[in-house]
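Residues per chain are reported as follows:
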Amino acid sequence: TVDNQSYTSTNVKPAKYGVGIRITREMLEDAKWNLLQRNIEIAGRRFAENETKLVLQQLDTAANTVTGGAAVTIANVTTAMLNLEDNDFEPTTFLVGAEVLQDLRNIDTFTEADKLGSTEMLNTGFVGTLYGMNVIRFSTNAAPSTTYSKYAYVYDKDQAYCIVEKRPITIEKFDLPNNDMSAAVVTQRIAVKALRTSSISNITST
């Protein structure tokens, strides 16, 4: 027989995020650097952090949870991987908070070259690939709360979630002559949606 995969539809509505920046003409003339440009760069970072937060909120819908102790262990990581593999997904990405990264740094397997066969952790403070997964740290500033520094996620990047971007980060500069100011508006329309929650495993520590 000839058969094909079945599909369902979902509607993802992007939300609009924006910020307005206004700098007086005097400040632009007297400052030693361009404050308008500097504020635009900071806004860009905040938009990136917001996107990370949206992703984390969707990863929190994980169908699998691994509860660690005071520190995340190798066994916690491999259990999270097994959760995906039991559902026929591929663990491709290991997204970690700051405290989980510290836990990894304290695991002697990753700091002793005769065990790992590499000095990457000692040289860079980071193991870029762990059990075939890309290891990525997310900023605590980007997380919904500071407790997320103790969280980690193992997921299949092709199956876990989608990012819908109707408008990429857009910068529009303009002048406000009535106020003697230069200004800019930074906007973005974006949404993140979890697709297959069984392709995500959440690791928490205390």
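Please refer to the structure placed before this passage.
Residues numbered from 1 in each chain as written. Predicted model: local features only at pLDDT ≥ 70, side-chain atom pairs only at ≥ 80, totals over all residues. Heavy atoms only, no water.

**Considerations on the side chain of Asn 64**
Put simply, the rule is: Here a strand is any run of E in DSSP of at least two residues, a helix any run of H or I of at least four, and the numbering for each starts at the N terminus. Note on exposure labels: buried denotes an accessible area under 20% of the residue type's maximum, exposed denotes more than 50%, and partly exposed covers the range between, all computed with a 1.4 Å probe on protein chains only. Polar contacts here mean pairs of N or O atoms no more than 3.5 Å apart (in protein, one a potential hydrogen donor and the other a potential acceptor; neighbouring residues in sequence count only if both atoms are side-chain atoms). Whether two residues are in contact is decided by their heavy atoms, any of which lying within 4.5 Å being enough.
Within the secondary structure, Asn 64 is located in strand 2 (residues 64-67). Relative accessible area serves as the criterion here: at 12%, Asn 64 is assigned to the buried category. Within polar-contact distance, the side chain of Asn 64 engages the backbone oxygen of Ser 198 at 3.3 Å. Of the polar contacts made by the side chain of Asn 64, one reaches the backbone oxygen of Ile 200; its length is 3.0 Å. Ignoring sequence-local partners within four residues, the contact set of Asn 64 consists of Asn 83, Asn 87, Thr 197, Ser 198, Ile 200, Ser 201 and Asn 202.

**Some thoughts on the sheet that holds strand 9 (residues 200-204)**
Which entries qualify depends on this criterion: A strand pair is defined by DSSP finding two or more bridges across the two strands. As a rule, the C-alpha atoms of each element are fitted with a line to give its axis, helices using only the stretch in contact, and angles between N-to-C directions run from 0 to 180 degrees.
Read from one edge to the other, the open sheet built from 6 strands follows the order 2-9-6-3-5-4, with strand pairing classed as mixed. Each end of this open sheet is capped by a strand with a single partner; those strands are strand 2 and strand 4 (129-130). Bridge count between strand 6 (residues 151-155) and strand 9: 5 bridges; the pairing is antiparallel. In the sheet register, Val 154 faces strand 9, and the bridge partner there is Ser 201. Here helix 2 (residues 35-59) sits on the sheet in contact with strand 3 (93-96), strand 6 and strand 9, set at roughly 75° to strand 6. Here helix 4 (residues 98-105) sits on the sheet and contacts strand 3, strand 5 (133-137) and strand 6; the angle it forms with strand 3, its principal contact strand, is near 110°.

**Quick notes on helix 4**
Residues that lie three or four places apart on an α-helix share one face, since the helix turns once every 3.6 residues. Selection criterion: Here, the arc refers to the directions that run from the helix axis to the C-beta atoms.
For helix 4, every residue scored as buried is listed here: Val 100, Leu 101, Asp 103 and Leu 104. Viewed end-on, helix 4 has its buried residues packed into an arc of 155°, placing them on one side of the element.

**What about the packing of aromatic side chains?**
Condition: Two aromatic rings, drawn from Phe, Tyr or Trp (for Trp, its six-membered ring), form a pair once their centres lie within 6.5 Å of each other, and the interplanar angle then sorts them: stacked below 30 degrees, edge-to-face above 60, tilted otherwise.
Across all of its chains, the model carries 2 aromatic pairs by this definition. For the pair Tyr 148 and Tyr 151, a centre-to-centre distance of 4.6 Å together with 45° between the ring planes defines the contact as tilted. Tyr 148 sits in the buried class, given a relative accessible area of 10%. Seen in terms of ring centroids, Tyr 155 and Tyr 161 are 5.8 Å apart; in terms of plane orientation they differ by 55°. Their pairing is tilted. Neither Tyr 155 nor Tyr 161 differs from the other in exposure class; each is buried.

**What to know about the pairing of strand 3**
Consecutive side chains of a regular strand alternate in pointing toward one face of the sheet and then the other. Both faces of strand 3 are covered, namely the face carrying Thr 93 and Leu 95 and the face carrying Phe 94 and Val 96. The pairing of strand 3 with strand 6 spans 4 bridges and is classified as antiparallel. Its bridge partner being in strand 6, Thr 93 is matched across the sheet by Tyr 155.

**A look at unusual backbone geometry**
The phi torsion at Tyr 131 lies on the positive side, around 55°, for a residue other than glycine. Judged by relative accessible area, Tyr 131 falls into the partly exposed class, the value being 43%. Phi at Asp 180 is positive, roughly 55°, even though this residue is not glycine.

**Concerning the side chain of Ser 205**
By secondary structure assignment, the location of Ser 205 is in the segment after strand 9. Within polar-contact distance, the side chain of Ser 205 engages the backbone oxygen of Lys 150 at 3.2 Å. With sequence-adjacent residues up to four places away left out, Ser 205 is seen in contact with Gly 68, Gly 69, Ala 70, Ala 71, Val 72, Asp 103 and Lys 150.

**Comments concerning the pattern of salt bridges**
Using the following cut-off: Any Lys or Arg side-chain nitrogen located within 4 Å of an Asp or Glu carboxyl oxygen qualifies as a salt bridge.
Here the structure, examined in full by the defined rule, presents 3 salt bridges. Arg 25 serves as the salt-bridge partner of Asp 180, at 3.8 Å between the closest nitrogen and oxygen. Taken together, the residues span a long stretch of sequence, with Asp 180 in the loop between strand 7 (161-176) and strand 8 (181-194) and Arg 25 in helix 1 (residues 25-30) at a distance of 155 residues. Judged by relative accessible area, Asp 180 falls into the partly exposed class, the value being 31%. A salt bridge links Glu 49 to Arg 46; the shortest N-O distance between them is 3.3 Å. You can see Glu 49 and its partner Arg 46 sitting in helix 2, 3 residues apart, about one turn around the helix. Overall, the relative accessible area of 13% leaves Glu 49 in the buried class.

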